[in-house]
Amino acid sequence: MAETSAGRPDATDYLIASKECEIQILEQLLRMGQLVVCISHLVHVLQRERGASNMYLGSRGERFGPELQAIRRDSDRQREQFHQALAALNLRQNTVQAGSRLLNRIGYAVHILSDMDRLRDEVGRQAIPAEAATRVYTELVQGLLAVVFEAADAAVDPDIARLLVAMFHFMQGKEFTGQERAAGAAAFASGQGGGEVSLRIQHLIEAEERCFEVFAGFVDPASWAVWRQCQQDTGLIEVERLRRLLCTSNERTAFDPRLGQRWFEVMSGRIDTMQQVELCLAARLEVLCAGKLSAARDSLAQHCSVIDLLPRFQQGQDDAFVVFCSAEGGLAGSDGYHGLSPQLGRSLIELLQSQSRRLQQMQDELNNARTALEERKVVERAKGLLMTHRRLSEEEAHKLLRRTSMEQGRRQLDVARELIALAEMWT
């Protein structure tokens, strides 16, 4: 690092250090983006494994045995790629950038994935009910999605953060669709409907719609176009017909078990189509991260080139003056910089101010991107309080929040914040 005559680092050293820090963070974001892509693939195959396991358990082992084994092999391959992406992330060298919450989420995901073999053994022996197996698979998926959520929350580039917010909410909406497939498959395969099945399907449909609404607010135009096209190709008429059968069923309803196969097929087609959107988002994420990193490196090289001209500019060489002005867009008003001529001082200050303005703009855009994540945190915390103190299920807690907000004519977010504030007053 260069030093001034007083033995202290020069302002230009801090400017370069700022750019180098930005590059290090973007390198970390690129690796994190690659991890998110692996999570997307792993979640998709786990959702397929969950659905096939439900068909297998619901039919008492008579159906989907070979299909389940093939899906498990796909899951194992994607799980290995996930662990390889974790190794490439090299978290021990990037603890500050990653954040403690993100590292904790990754640790939890790794832990619950290590228990998959026990779950598979119980499914194979039909020693676990379909509902219990669904809960375990759902916990696996939610653990992985929590990593994506924290990655979005920890992202320091606004464009990358927005894309991660869109990607998380789309993946979460797709996960609710997967849960809907599993619940419906178990009900149809067993041949019996019921009030709980009806309420469960309705709750999941509403949850899907909320996620896709947030996704629509953050997605890039190209991915949005893919999503719109997919919605026209997913056989929604058949999906809606079977949904109505489930939502209007009761304890006396007897389903034709063959409907389970049809339900699984149409819902799997819908989820596979959603995967095309995820692939588009994943490709966009990798391109965006790589592009940001390349641009930051080019900017650092340009800054270094300009700073290298400063001694020549100080000596009054006109060619250096022309290059400097063209690279940085002109001079700004100032009374000079310590140790430099007034013209050179003004140019250096403009360079520093330009970097400062850019970072502030990025922070403002980043705050906007994080608003959706913060709102989700507040609502989830309020639901947790209701589940703990009122002994409600997750669905019941959500319905209570929604009903209260509708009765009071207020946003669900405001009701959640008030609930949290009241809980803190009494603890």
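Conventions and cut-offs
- Residues numbered from 1 in each chain as written.
- Predicted model: local features only at pLDDT ≥ 70, side-chain atom pairs only at ≥ 80, totals over all residues.
- Heavy atoms only, no water.
- Helix = DSSP H or I, 4+ residues; strand = E, 2+ residues; numbered from the N terminus.
- Buried < 20%, exposed > 50% of the residue type's maximum accessible area, 1.4 Å probe, protein only.
- Contact = heavy atoms within 4.5 Å.
- Areas by Shrake-Rupley, 256 points an atom, 1.4 Å probe, with all protein chains shown as cover.
- Core = buried A, V, L, I, M, F, W, Y, C linked by side-chain atoms within 4.5 Å.
- Axes fitted to C-alpha atoms, helices over the stretch in contact; angles between N-to-C directions.
- Left-handed = near helix turned anticlockwise from the far one by under 90°.
- Nonpolar A, V, L, I, M, F, W, Y, C, P; charged D, E, K, R; others polar.
- pLDDT = per-residue confidence, 0-100.
- Phe/Tyr/Trp six-rings, centres within 6.5 Å; stacked < 30°, edge-to-face > 60°.
- Salt bridge = Lys/Arg side-chain N within 4 Å of Asp/Glu carboxyl O.

Trainee: With reference to specific residues and values, describe the overall build of the chain.
Mentor: Scanning the chain from N- to C-terminus turns up 16 helices and 0 strands. Buried residues in the chain amount to 48% of all 427 residues. Residue pairs at least 24 apart in sequence account for 77% of intrachain contacts in the chain once pairs closer than 6 positions are excluded. Total accessible area on the chain stands at roughly 20800 Å², and carbon and sulfur atoms take up 51% of it.

Trainee: Provide a residue-level description of the nonpolar core, including the pertinent values.
Mentor: Formed by 93 residues in total, the largest nonpolar core has its most connected members in Leu35, Ile39, Leu144 and Ile160. Broken down by element, this core gets its largest block of residues, 19 residues, from helix 1 (residues 11–58). Aside from chain neighbours lying at most four places away, what touches leucine 144 is Ile39, Leu42, Val43, Leu46, Phe82, Ala109 and Leu113. In this structure, Val379, Leu400, Val415 and Ile420 belong to the second largest nonpolar core, which totals 12 residues.

Trainee: Lay out the environment of isoleucine 25 with the relevant residues and their values.
Mentor: Mapped onto the secondary structure, isoleucine 25 falls in helix 1. For the pair isoleucine 25 and leucine 293, spaced 268 residues apart in the sequence, the C-alpha separation amounts to 9.0 Å.

Trainee: Residues and numbers for the environment of leucine 199, please.
Mentor: Structurally, leucine 199 can be placed in helix 8 (residues 195–218). Spatially, the C-alpha atom of leucine 199 lies 9.4 Å from that of threonine 248, the residues being 49 residues apart in sequence.

Trainee: Lay out the packing of helix 7 (residues 158–190) against helix 10 (residues 236–247) in plain terms, naming residues and giving numbers.
Mentor: Helix 10 packs onto helix 7 with a crossing angle of 65° between their chain directions and a minimal axis gap of 11 Å. Crossing handedness for the pair helix 7 and helix 10: left-handed. Residues Glu180, Gly184, Ala187 and Phe188 of helix 7 form the contact with helix 10, whose own contacting residues are Leu242, Arg243, Leu245 and Leu246. Taken together, the residues of the contact of helix 7 with helix 10 break down into 5 nonpolar, 1 polar and 2 charged.

Trainee: Describe unusual backbone geometry, naming the residues involved and giving the relevant values.
Mentor: Phi is positive for arginine 60, close to 60°, though the residue is something other than glycine. Turning to its location among the elements, arginine 60 is positioned in the loop between helix 1 and helix 2 (65–89). Phi is positive for phenylalanine 64, which is not a glycine, with a value near 70°. Its place among the elements puts phenylalanine 64 in the loop between helix 1 and helix 2.

Trainee: Please set out the side chain of serine 75 residue by residue, giving values where relevant.
Mentor: Within the secondary structure layout, serine 75 lies in helix 2. Those residues in contact with serine 75 that sit more than four places away from it in its chain are Leu42, Val45, Leu46, Glu49 and Arg120.

Trainee: Outline the confidence of the model for the chain, listing residues and values.
Mentor: Do not read the fine detail of predicted coordinates wherever pLDDT is low. Per-residue confidence for the chain gives a mean pLDDT of 78; residues scoring 70 or more make up 78%. When pLDDT is averaged over each helix and strand of the chain, the minimum, 41, is found for helix 13 (residues 318–328) and the maximum, 93, for helix 5 (residues 116–124). Taken together, the stretch residues 1–5 has pLDDT below 50 and engages in 12 contacts with residues farther than four places along the chain or on a different chain. Here residues 313–341 is modelled with pLDDT under 50, and outside its nearest four sequence neighbours on either side it reaches 47 contacts, counting other chains as well.

Trainee: Please give an account of the packing of aromatic side chains that cites residues and values.
Mentor: Counted under the stated rule, the structure contains 9 aromatic pairs. Between phenylalanine 170 and phenylalanine 212 the ring centres are 5.4 Å apart and the planes differ by 45°, which places this aromatic pair in the tilted class. Here the residue phenylalanine 170 occupies a position in helix 7, and phenylalanine 212 occupies one in helix 8, the gap between them amounting to 42 residues. Aromatic side chains phenylalanine 170 and phenylalanine 215 sit 4.8 Å apart centroid to centroid with 50° between the ring planes, which places their arrangement in the tilted category. With a gap of 45 residues between them, phenylalanine 170 in helix 7 and phenylalanine 215 in helix 8 connect regions that are remote in the sequence. Judged by relative accessible area, which is 0%, phenylalanine 170 ranks as buried. Among the aromatic residues, ring-to-ring pairing joins Phe170, Phe212, Phe215, Trp224 and Trp227 into one connected group.

Trainee: With reference to specific residues and values, describe the pattern of salt bridges.
Mentor: Two side chains with opposite charge may pair up if their charged atoms get near one another. Inspection of the entire model under this criterion finds 22 salt bridges. Of the charged contacts, one joins arginine 120 and aspartate 76 as a salt bridge, the two residues approaching to 2.9 Å between their closest N and O atoms. Residue arginine 120 is found in helix 5, and its partner aspartate 76 is found in helix 2; the two are separated by 44 residues along the sequence. What makes arginine 120 buried here is its relative accessible area of 8%. Aspartate 76 sits in the partly exposed class, given a relative accessible area of 31%. Of the charged contacts, one joins glutamate 265 and arginine 262 as a salt bridge, the two residues approaching to 3.5 Å between their closest N and O atoms. Placement of the pair is glutamate 265 and arginine 262 together in helix 11 (residues 258–308), with a separation of 3 residues, close to one helical turn.

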